[in-house]
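# A look at the structure
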Amino acid sequence: MKIATLKKIKNIKNKVVFLRVDFNVAIKNGKVTEDYRIIAGLETINFLLERGVRLIIATHLGDPKGKPDMEFSVKPVALRLKTLLKKPVKFIPEVIGPKVDKAISELKPGELIMLENLRFNPGELTNDKKFAKELAAKADIYVNDAFSVCHREQASVSAIKNYLPSYAGLLLEKEVSALNKVMKPVKPLVVIMGGAKISTKAPLISKLYGTANQILLGGALANNFFKYQKLEIGKSLFDADSLISVKKFYKGKKLAAKIILPVDVVVKTKNGSPLVRRPNEVKPEESILDIGPETISLYSRYIKTAHTLVWNGPMGKFEETSFKHGTISIALLVASRASGRAYGLVGGGETVEALELTKMAEYVDWVSTAGGAMLTYLGGGKMPGLSKIVSK
Ligand code: ADP
Ligand code: MG
């Protein structure tokens, strides 16, 4: 694996660097309410500023559908960045054009500007070459620190690299290194998968199947397997298009030996109360919303043997108090095992939320909020944002 690392470029003083970050943070009433993504990006920004670069920072924010929409303005992000960096951050209310050009021409070494939301321009989402060229026009070097969008064909992560020498930011480099560790794992490798969208998760199960010792399933993901086995799953969430994805893990009626399904589940009964049942005892009016206590105990035995652990996807609808126990137990088990004995990787938006409820996230070796990109990378899918930056 070769990464075009920032650490090795020489003579970048005075150069204009276009830095693509993912500062897609939560904003309420014009204020940033959750800034961990900005904090995670500070290392690369400081690295560049300390070396006397003239820095342009750009991000996407939400989904403004290719046109300006002040609800998605990056201005509050620039303000928060200023506070965190303790340095002036000049916000430019445009993505390309004369205002941007003028601000760049006025930049001094060690100074930075932040552009408006990249997705205010329709060319971003269509990976438009002309737009990418305009983004690149006033810069000498491109740096990508936005791993979470690297599975997308978008101008500021893909096409732009045709016009500038391109490098990986420090955060992106760490993310890729962490994911590579689980692709060449110290064994036993135990993978825990749950959550909802099986279409995005099936490639990962297939890919890790070869190296994994066990793949433990939970959440709505497991419902698809129960459904395939023609078990009653009542009103449980499942994905009607998933049966093809699931089929490849079966030989006739027999499930692949490494894939482990819950041996008990928690259902929401007709009157709304939780009840533990065997998977083959679920009633038509019930829905499966968590893994049961015997499953937690079974999974804990596997987790305690692992030297590498990968967890993506909650074990149930953990947002409801009665159905959070499976997910929280798995989070605790993964974090404790990762605190010393195993290399632990936890990824996915909701999965990380659940992990954080345990206050034990710090024990996990790599916590990735780049859900889609992580699944694509680990699943062996296309990563347009990494071409020319990361090579095998
Ligand atoms: P991540 O973003 O961590 O990859 P997903 O987006 O795949 O995870 O799925 C997370 C969501 O799946 C959670 O909001 C959770 O409530 C839901 N979920 C998991 N299991 C079930 C289930 N059995 N029934 C209904 N919803 C579930
Ligand atoms: Mg999610």
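What comes next concerns the included structure. (Residues numbered from 1 in each chain as written. Chains lettered and ligands numbered in written order. Predicted model: local features only at pLDDT ≥ 70, side-chain atom pairs only at ≥ 80, totals over all residues. Heavy atoms only, no water.)

### Re the sheet that holds strand 18 (residues 308-312)
- Taken in spatial order, the six strands of this open sheet run 14-11-10-18-19-20, and their pairing is parallel. Every interior strand has two partners, whereas the edge strands, strand 14 (259-260) and strand 20 (366-368), have only one.
- The pairing of strand 19 (residues 343-347) with strand 20 spans three bridges and is parallel. What sits directly across from Gly 347, in strand 20, is Ser 368.
- Across the sheet, helix 11 (residues 325-338) touches strand 10 (189-193), strand 18 and strand 19, and the angle it forms with strand 18 is around 150°.
- Most of the contacts of helix 13 (residues 371-378) go to strand 19, to which it runs at about 125°, and overall it touches strand 18, strand 19 and strand 20. (Pairing = 2+ DSSP bridges. Helix = DSSP H or I, 4+ residues; strand = E, 2+ residues; numbered from the N terminus. Contact = heavy atoms within 4.5 Å. Axes fitted to C-alpha atoms, helices over the stretch in contact; angles between N-to-C directions.)

### Here we look at helix 11
- Helix length check: helix 11 (14 residues) gives 20 Å between terminal C-alpha atoms against 20 Å at 1.5 Å per residue, within 8%.
- Taking burial as the measure, the 14 residues of helix 11 include 11 buried ones, the bulk of the element.
- Listing the buried residues of helix 11 in full gives Gly 326, Thr 327, Ile 328, Ser 329, Ile 330, Ala 331, Leu 333, Val 334, Ala 335, Arg 337 and Ala 338.
- Looking at the buried residues of helix 11, the elements they touch are strand 10, strand 17 (287-291), helix 10 (293-303), strand 18, strand 19 and helix 12 (349-357). (Expected span 1.5 Å × (residues − 1). Buried < 20%, exposed > 50% of the residue type's maximum accessible area, 1.4 Å probe, protein only.)

### Overview of the environment of Ile 288
- With respect to the helices, strands and loops of the structure, Ile 288 is situated in strand 17.
- In this structure Ile 288 comes out as buried when scored by relative accessible area, which is 8%.
- When the C-alpha atoms of Ile 288 and Gly 234 are compared, they prove to be 7.9 Å apart, with 54 residues separating the residues in sequence.
- Sequence-distant contacts of Ile 288, defined by excluding residues within four places in its chain, comprise Asn 223, Phe 226, Ile 233, Ser 236, Val 265, Val 266, Val 267 and Val 282.

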